[in-house]
Amino acid sequence: MYTAEHTVPRRPITLLQAVGEAMFQAMEADETVVVYGEDVVGGAGLGDPYEGAMGGTFGATRGLFRRFGPTRVRDTPISEAGLVGIAVGAAAAGIRPVVDMMWSSFTPLAFDQIHNQAAKLRYMFGGQASVPLVLRMAIGAGLGAAGQHSDTLYSIYTHLPGIKVVVPTTPYDAKGLLLESIADDDPVLFFEHMRLYNTRQEVPEDRYTVPLGSASVTRPGTDLTIVGISYMAKSALEVAGALAVDGIEAEVIDPRSLSPLDSETILESVRKTGRLVIVDESPPRCSIAADIAAMVSEQAFDALAVPVRRVTSPHSPVPLSPPLENAYIPDAARVEAAARAVLNR
Amino acid sequence: MSDRMTIADRTLLEMFETMTKIRLFEERVTLEYQRGDMPGFVHTYIGAEATATGICAHLSDDDLIASTHRGHGHSLAKGCSIAGMFAELYGRETGLCKGRGGSMHIADFEIGMLGANAIVGGSIGLATGGAFAQQVKGTSNVAVSFFGDGGSGQGILYESMNLASIWKLPVIYVCENNGWAESTPVSYAQSVEDLSRRADGFGIPGYVVDGADVFAVYEVAAETIERARRGDGPSFIEAKIPRISAHYVGDTQKYRNEDDLEAARGRDPLKRFRSELEAAGILTEAAVQGIRAAVVEELDRGVAAAKADPWPTADGVTDYVYSGAYGA
């Protein structure tokens with residue numbers, strides 16, 4: 001569990017504000033950090049009072065343009081491959097781009113630039129290049145954004161050697177992890193669940209980091225382990241609360257980053273509890289849930305009392321209609337049922 | 001030569017040396033590759049020497065280039081060492097990329113060579129980004145993206161040109177049109193004769209140049225690079241080049257008729273430049289032989305050293321995937 005000493009005041013802010021604060025503080029500390037993407041400014045080139053009024057589709061980049069100006073904060077045309085291509089070249093040439101991709105569902109437009117360029121340059125060139133870029137994006141179903149605006153996709157990028165993948169759940173973690181990601185010299189994809197944007201938590205005012213590859217045990221327990229990804233880490237905590245009423249003590253783990261993955265914290269927990277449920281708002285094939293399940297089966301088989309259990313979305317795109325979208329999202333009832341199934345209770 | 005830009009004799013001789021170096025390097029690579037002990041694929045730059053040379057003559061180590069799968073010519077023109085290149089082609093630990101990249105991913109970041117790229121059009125986003133970094137940092141350095149007529153089919157070119165034009169990025173797009181995208185002729189793959197017209201759609205000045213005429217290339221490069229350094233934005237140079245080599249070493253070119261090959265050989269940029277310099281009294285037969293001998297000696301040393309150098313060890317297979325430590 002990560003702990004940090006903060007002697008500065010904390011105040012309650014949302015995850016969205018925490019992300020914005022991270023970018024603000026990163027840009028203040030390092031003049032090579034730049035931010036660009038569609039609508040990150042709003043009213044590009046139109047001058048006062050229009051230019052800078054929007055500050056991002058969700059408002060994450062509000063205030064950056066007014067403070068740092070048009071060289072370092074830029075709106076862009078809709079050219080995802082171009083935006084990422086430029087980010088790779090710019091990062092390799094010595095600046096730190098933080099690109100707002102808006103939705104993870106748009107990243108496939110840039111997949112070649114991510115996979116064949118960003119991920120591979122350092123390796124293919126024998127360590128000559130660094131690609132210190134960050135791609136930020138919203139993920140998740142639950143707001144009726146439907147098929148092409150609701151993907152999670154972090155599993156696809158976890159598969160790629162050379163890429164790092166970060167999935168914060170709390171405002172505190174989001175700020176620290178984004179500051180760390182911006183300082184990281186490798187390409188980082190940073191996934192912000194839409195339904196977490198308005199969650200609120202006490203967050204310190206200072207510039208601090210949370211390390212990559214460090215999972216958070218958000219609730220200690222002895223009876224089973226629940227690993228939840230992104231919003232599902234929050235759901236898992238709620239389910240653990242319900243299970244506790246029945247005397248079932250679940251240990252909840254939030255991995256916080258998927259690449260690198262803190263497998264040791266997960267394994268340690270499974271060696272203690274012997275039962276694992278993984279909750280992932282993604283279709284099931286070739287996902288992080290499958291990856292963690294295989295890893296645990298391989299490295300902690302003797303500790304397992306029952307097979308690893310995954311609670312995932314179905315093998316389908318995200319539908320619009322509320323009853324269908326609700327069927328897509330792993331809900332509390334399914335998670336609880338899985339927890340009881342591994343315990344036979 | 002009288003109505004052309006005045007180029008100092010010294011510069012002309014340096015360019016002749018560079019073009020000779022590229023030609024002899026590529027002929028040697030062809031020979032060695034066919035011996036069977038060079039791993040992977042190689043694509044040689046024979047016929048295109050004047051374009052890389054005429055452009056890179058204006059660039060310092062602080063300027064950036066990004067190249068194609070056919071990158072040896074750009075690499076040498078930018079200043080990559082023959083020894084480092086051979087060691088890389090042979091996959092040795094002493095290679096420019098420590099054997100991790102090979103011919104299609106050869107790079108030297110210390111001299112601004114952001115890599116050969118095996119994804120067609122891969123240089124385009126990279127160089128545009130390199131130019132973006134110069135603008136953010138406030139330098140007067142430029143970035144050059146080399147790609148072919150085949151690369152002009154890629155969407156990234158148009159996305160990048162749009163971004164470069166709205167932001168006036170210091171980038172020069174160089175389309176080396178050799179008439180062939182592997183086996184596909186431009187007569188089929190493009191609906192217009194001059195690919196430089198692509199730039200019109202973005203308000204970017206476009207130029208067509210005889211890519212086998214190093215004087216012409218040098219001159220248009222001067223103008224476009226100066227524009228970029230001044231902050232006036234991007235340019236597009238279409239260099240029409242004879243594809244004297246095949247697509248890759250080993251390609252039998254069954255798709256190409258003999259007349260087309262003959263026509264390409266007839267436009268040999270090195271032969272042409274040599275004649276022009278000899279006619280102007282800047283070059284003698286003896287000087288040419290001296291230049292060639294020096295290059296051959298360097299090639300011999302490079303090949304011998306590469307073949308004797310150590311392979312990377314198997315436990316190094318995951319080196320350089322990430323910077324620093326990965327994971328807790």
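What counts, and where the lines are drawn
- Residues numbered from 1 in each chain as written.
- Chains lettered and ligands numbered in written order.
- Predicted model: local features only at pLDDT ≥ 70, side-chain atom pairs only at ≥ 80, totals over all residues.
- Heavy atoms only, no water.
- Helix = DSSP H or I, 4+ residues; strand = E, 2+ residues; numbered from the N terminus.
- Rg over C-alpha atoms; globule rule 2.2 N^0.38 Å.
- Buried < 20%, exposed > 50% of the residue type's maximum accessible area, 1.4 Å probe, protein only.
- Contact = heavy atoms within 4.5 Å.
- Areas by Shrake-Rupley, 256 points an atom, 1.4 Å probe, with all protein chains shown as cover.
- Lys, Arg positive; Asp, Glu negative; His and termini not counted.
- Charge placed at Lys NZ, Arg CZ, Asp CG, Glu CD.
- Buried area = accessible area lost by both parts, 1.4 Å probe.
- Salt bridge = Lys/Arg side-chain N within 4 Å of Asp/Glu carboxyl O.
- Polar contact = N/O pair within 3.5 Å; in protein donor to acceptor, adjacent residues only side chain to side chain.
- Phe/Tyr/Trp six-rings, centres within 6.5 Å; stacked < 30°, edge-to-face > 60°.
- Lys NZ or Arg CZ within 6 Å of the ring centre and 35° of its normal.
- Pairing = 2+ DSSP bridges.
- Axes fitted to C-alpha atoms, helices over the stretch in contact; angles between N-to-C directions.
- Parallel < 35°, antiparallel > 145°, perpendicular 65-115°, else oblique.
- Left-handed = near helix turned anticlockwise from the far one by under 90°.
- Nonpolar A, V, L, I, M, F, W, Y, C, P; charged D, E, K, R; others polar.

Draft legend 1. Quick peek at the overall build of chain A. Secondary structure summary: chain A contains 12 helices and 14 strands in total. Its C-alpha atoms give chain A a radius of gyration of 20 Å, near enough to 20 Å, the size a compact globule of 345 residues would have. In terms of principal-axis extent, the alpha carbons of chain A reach across some 65 × 45 × 45 Å. Each of the 345 residues in chain A was classed as buried or not, and the buried ones make up 61%. Relative to all contacts within chain A whose residues are 6 or more apart in sequence, the contacts with residues 24 or more apart total 80%. For chain A, the accessible surface area stands at approximately 12,600 Å², while carbon and sulfur atoms represent 52% of it. Distance between charge centres in chain A, computed from 28 positive and 40 negative side chains, equals 2 Å.

Draft legend 2. Seen up close, the interface of chain B and chain A. Between chain B and chain A, the contact holds 44 residues from the first and 45 residues from the second. Between chain B and chain A the total buried area reaches about 3,500 Å² when both faces are included, carbon and sulfur atoms providing 64% of it. Area buried by chain B at its contact with chain A is led by Phe109(B), Tyr322(B) and Ser323(B), which between them contribute 17% of it. If you look at where chain B meets chain A, you find zero salt bridges. There are 17 residue pairs in polar contact (both at pLDDT 80 or more) connecting chain B and chain A. Mapped onto the side of chain B that touches chain A, the elements with two or more residues apiece are α5 (122–137) and α6 (155–167) of chain B. Looking at which element gives the most residues to the side of chain B that touches chain A, the answer is α5(B), with 12 residues.

Draft legend 3. Region of the structure containing the packing of aromatic side chains. Tallied over the full model, the rule gives 18 aromatic pairs over all chains. Seen from their ring centres, Phe16(B) and Phe273(B) are 6.1 Å apart, and the 55° between their planes marks the pair as tilted. Of this pair, Phe16(B) sits in helix α1 (residues 9–35) while Phe273(B) sits in helix α10 (residues 269–279), and the two are 257 residues apart along the sequence. Every member of this aromatic cluster is reached through a ring pair, and the members are Phe111(A), Tyr154(A), Tyr157(A) and Phe191(A). One Lys or Arg, Arg195(A), reaches over the ring of Tyr231(A) and ends 4.1 Å from the middle of that ring. Here the guanidinium or amino end of Arg92(B) rests over the ring plane of Trp311(B), the centre of that ring lying 3.9 Å away.

Draft legend 4. Quick peek at the sheet that holds strand β1 (residues 64–66) of chain B. Residues and elements named next belong to chain B. If you walk across this open sheet you meet the five strands as β1-β2-β3-β7-β6, and the pairing is parallel. Two strands lie at the open edges of the sheet, namely β1 and β6 (206–210), each paired on one side alone. Within this sheet the neighbouring strands show an average axis-to-axis angle of 20°, counted without direction. By the bridge criterion, three bridges tie β1 to strand β2 (residues 143–148) in an arrangement that is parallel. For Ile 65, the partnering residue across the bridge sits in β2 and is Val 144. Here α5 sits on the sheet in contact with β1, β2 and β3 (171–177), set at roughly 170° to β2. Contacts from helix α8 (residues 214–230) reach β3, β6 and β7 (235–240), with the element oriented near 155° to β6.

Draft legend 5. Focus on helix α4 (residues 82–89) of chain B. All names here are of chain B. Of all eight residues in α4, seven are buried; the element is thus mostly enclosed. Listing the buried residues of α4 in full gives Ile 82, Gly 84, Met 85, Phe 86, Ala 87, Glu 88 and Leu 89. Count one or two residues on from α4 and you reach Gly 91, which has phi positive near 70°.

Draft legend 6. The arrangement of the packing of α1(B) against α8(B) in detail. Residues and elements named next belong to chain B. The N-to-C vectors of α1 and α8 enclose an angle of 115°; their axes lie 12 Å apart at closest approach. Our classification of the angle between α1 and α8 gives roughly perpendicular. The two elements α1 and α8 meet at a crossing, and its hand is right-handed. Where α1 approaches α8, its residues Thr 11, Leu 12, Met 15 and Met 19 are matched on the opposing element by Val 214, Phe 215 and Tyr 218. Considering only residue class, the contact of α1 with α8 consists of six nonpolar, one polar and no charged.

Draft legend 7. Broad picture of the sheet that holds strand β2 (residues 33–37) of chain A. Residues and elements named next belong to chain A. Pairing within the open sheet is mixed, and its seven strands lie in the order β3-β2-β4-β5-β7-β6-β12. In this open sheet, the two edge strands, each paired with only one partner strand, are β3 (73–75) and β12 (257–259). This sheet shows a mean twist of 20° between the axes of neighbouring strands, independent of strand direction. Pairing between β2 and strand β4 (residues 96–103): five bridges, direction parallel. Bridge pairing in β4 places Val 33 opposite Arg 96.

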